[in-house]
Amino acid sequence: FLREALGVEPVLLADDVLGELDARRRDCFWAWVGRRERQVVATGTSLPEGVGWEVFRVEAGRVCAA
(Lines give C-alpha, C1' and ligand atoms only; values in the text may rest on other atoms or scores of the structure.)
Protein backbone atom coordinates (compact mmCIF):
# COMPACT_ATOMS: atom_id res chain seq x y z
CA PHE A 1 0.00 0.00 0.00
CA LEU A 2 2.69 2.50 0.99
CA ARG A 3 4.80 1.75 -2.07
CA GLU A 4 1.84 2.40 -4.35
CA ALA A 5 0.55 5.44 -2.45
CA LEU A 6 3.87 7.20 -1.82
CA GLY A 7 6.14 5.76 -4.48
CA VAL A 8 8.77 4.58 -1.98
CA GLU A 9 9.61 1.18 -0.57
CA PRO A 10 8.92 1.11 3.19
CA VAL A 11 11.40 -0.33 5.68
CA LEU A 12 10.46 -3.88 6.69
CA LEU A 13 10.71 -4.53 10.44
CA ALA A 14 10.76 -8.25 11.30
CA ASP A 15 10.94 -8.83 15.05
CA ASP A 16 11.77 -12.51 15.57
CA VAL A 17 8.99 -13.68 13.26
CA LEU A 18 11.12 -16.55 12.01
CA GLY A 19 11.12 -18.30 15.37
CA GLU A 20 7.46 -19.10 14.78
CA LEU A 21 7.89 -20.49 11.26
CA ASP A 22 8.93 -23.93 10.06
CA ALA A 23 11.92 -24.27 7.69
CA ARG A 24 9.84 -24.10 4.49
CA ARG A 25 8.03 -20.96 5.58
CA ARG A 26 11.30 -19.32 6.70
CA ASP A 27 12.76 -20.00 3.25
CA CYS A 28 9.65 -18.54 1.61
CA PHE A 29 9.87 -15.44 3.82
CA TRP A 30 13.52 -14.77 2.89
CA ALA A 31 12.79 -15.44 -0.79
CA TRP A 32 9.94 -12.91 -0.66
CA VAL A 33 12.12 -10.33 1.11
CA GLY A 34 14.91 -10.78 -1.44
CA ARG A 35 12.71 -10.14 -4.47
CA ARG A 36 12.92 -6.36 -4.13
CA GLU A 37 15.42 -3.80 -3.06
CA ARG A 38 14.29 -2.87 0.41
CA GLN A 39 15.75 -2.05 3.75
CA VAL A 40 15.11 -4.78 6.31
CA VAL A 41 15.64 -4.59 10.06
CA ALA A 42 15.28 -8.11 11.46
CA THR A 43 15.81 -9.42 14.97
CA GLY A 44 16.20 -13.03 15.97
CA THR A 45 18.19 -15.66 17.77
CA SER A 46 19.86 -17.15 14.68
CA LEU A 47 21.12 -15.91 11.32
CA PRO A 48 19.32 -16.88 8.11
CA GLU A 49 21.35 -19.14 5.85
CA GLY A 50 22.48 -17.86 2.47
CA VAL A 51 21.55 -14.22 3.08
CA GLY A 52 24.37 -11.76 2.45
CA TRP A 53 23.30 -8.93 4.71
CA GLU A 54 25.23 -6.65 6.98
CA VAL A 55 24.78 -8.07 10.48
CA PHE A 56 25.04 -6.32 13.83
CA ARG A 57 24.85 -7.68 17.37
CA VAL A 58 23.59 -6.00 20.51
CA GLU A 59 25.91 -6.73 23.43
CA ALA A 60 25.49 -5.15 26.87
CA GLY A 61 23.23 -2.49 25.38
CA ARG A 62 25.64 -1.53 22.58
CA VAL A 63 25.31 -2.18 18.85
CA CYS A 64 28.43 -3.91 17.49
CA ALA A 65 29.42 -5.10 14.04
CA ALA A 66 29.21 -8.88 13.86
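Sequence order sets the numbering: in each chain, residues are counted from 1 along the sequence as written. Confidence filtering applies because this is a predicted model: local features only for residues at pLDDT of at least 70, side-chain atom pairs given and counted only at 80 or more, and all residues used for totals across whole chains, interfaces and linings. Note that the side-chain values use all heavy atoms of the structure and ignore hydrogens as well as water.

A word on the overall build of the protein
Counting its secondary structure elements, the protein contains 2 helices and 4 strands. Helix and strand labels come from DSSP, where a helix needs a run of H or I of at least four residues and a strand needs a run of E of at least two; each type is numbered from the N terminus. Ordering the α and β elements of the protein from the N terminus gives α-β-α-β-β-β. Along the first, second and third principal axes, the C-alpha set of the protein runs to 40 × 30 × 20 Å. The buried share of the protein, taken over its 66 residues, is 11%. Residue contacts follow a heavy-atom distance rule, with two residues in contact if any of their heavy atoms lie within 4.5 Å. Within the protein, contacts between residues separated by at least 24 positions form 39% of all contacts whose residues are at least 6 apart in sequence. Here the protein displays about 5800 Å² of accessible surface, and carbon together with sulfur accounts for 52% of that area. Counting rule applied: Lys, Arg positive; Asp, Glu negative; His and chain ends not counted. Where a charge lies is defined by one atom per residue type, namely NZ (Lys), CZ (Arg), CG (Asp) and CD (Glu). Within the protein, the 11 negative side-chain charges are centred at a point lying 3 Å from the centre of the 9 positive side-chain charges. The cut-offs for exposure are 20% and 50% of the maximum accessible area for each residue type, with area from a 1.4 Å probe on protein chains only; residues under the lower value are buried, those over the upper are exposed, and the others partly exposed. Only the protein chains shown count as covering a residue, and every accessible area follows the Shrake-Rupley method with a 1.4 Å probe.

Description of a nonpolar patch on the surface
Taken together, the side chains of Phe1, Leu2, Leu6 and Val8 present a nonpolar region at the surface, about 470 Å² in accessible area. By secondary structure assignment, the location of Phe1 is in the segment before helix 1 (2–6). By definition, no residue in a patch forms a salt bridge, and every one has over 30% relative accessible area; like charges are joined within 9 Å, nonpolar side chains (Val, Leu, Ile, Met, Phe, Trp, Tyr) within 5 Å. By convention in these notes, a salt bridge is any Lys or Arg side-chain nitrogen within 4 Å of a carboxyl oxygen on Asp or Glu.

Examining the pattern of salt bridges
In this structure the tally under the stated criterion is 2 salt bridges. The salt bridge involving Glu9 is made with Arg3; its shortest N-O contact spans 3.2 Å. Classification of Glu9 by relative accessible area gives partly exposed; the value is 28%. With a relative accessible area of 34%, Arg3 lands in the partly exposed category. One salt bridge in this structure joins Asp22 and Arg25, with 2.7 Å as the shortest N-O distance. Classification of Arg25 by relative accessible area gives partly exposed; the value is 42%.

Things to note about unusual backbone geometry
Within the chain, Ala60 stands out as a residue other than glycine whose phi angle is a positive 50°. By the element assignment, Ala60 lies in the loop between strand 3 (56–59) and strand 4 (62–65).

What about helix 2 (residues 23–33)?
Because an α-helix completes one turn every 3.6 residues, residues spaced three or four positions apart along the sequence face the same direction. Those residues of helix 2 not exposed but buried are Phe29, Trp30 and Val33. The arc that holds the buried residues of helix 2, viewed along the axis, is 90°, so those residues lie on one side. Exposed and facing more than 90 degrees away from the buried side of helix 2 are Arg24 and Asp27. In the core, the buried residues of helix 2 are packed alongside strand 1 (12–15) and strand 2 (40–43). Nitrogen and oxygen atoms within 3.5 Å of one another constitute a polar contact, given that in protein one can donate a hydrogen and the other can accept it, and given that sequence-neighbouring residues count only through two side-chain atoms. Capping the start of helix 2 is the job of one residue whose side-chain oxygen sits 3.3 Å from the backbone nitrogen of Arg24: Asp22. The arc in question is the one traced by the directions running from the helix axis out to the C-beta atoms.

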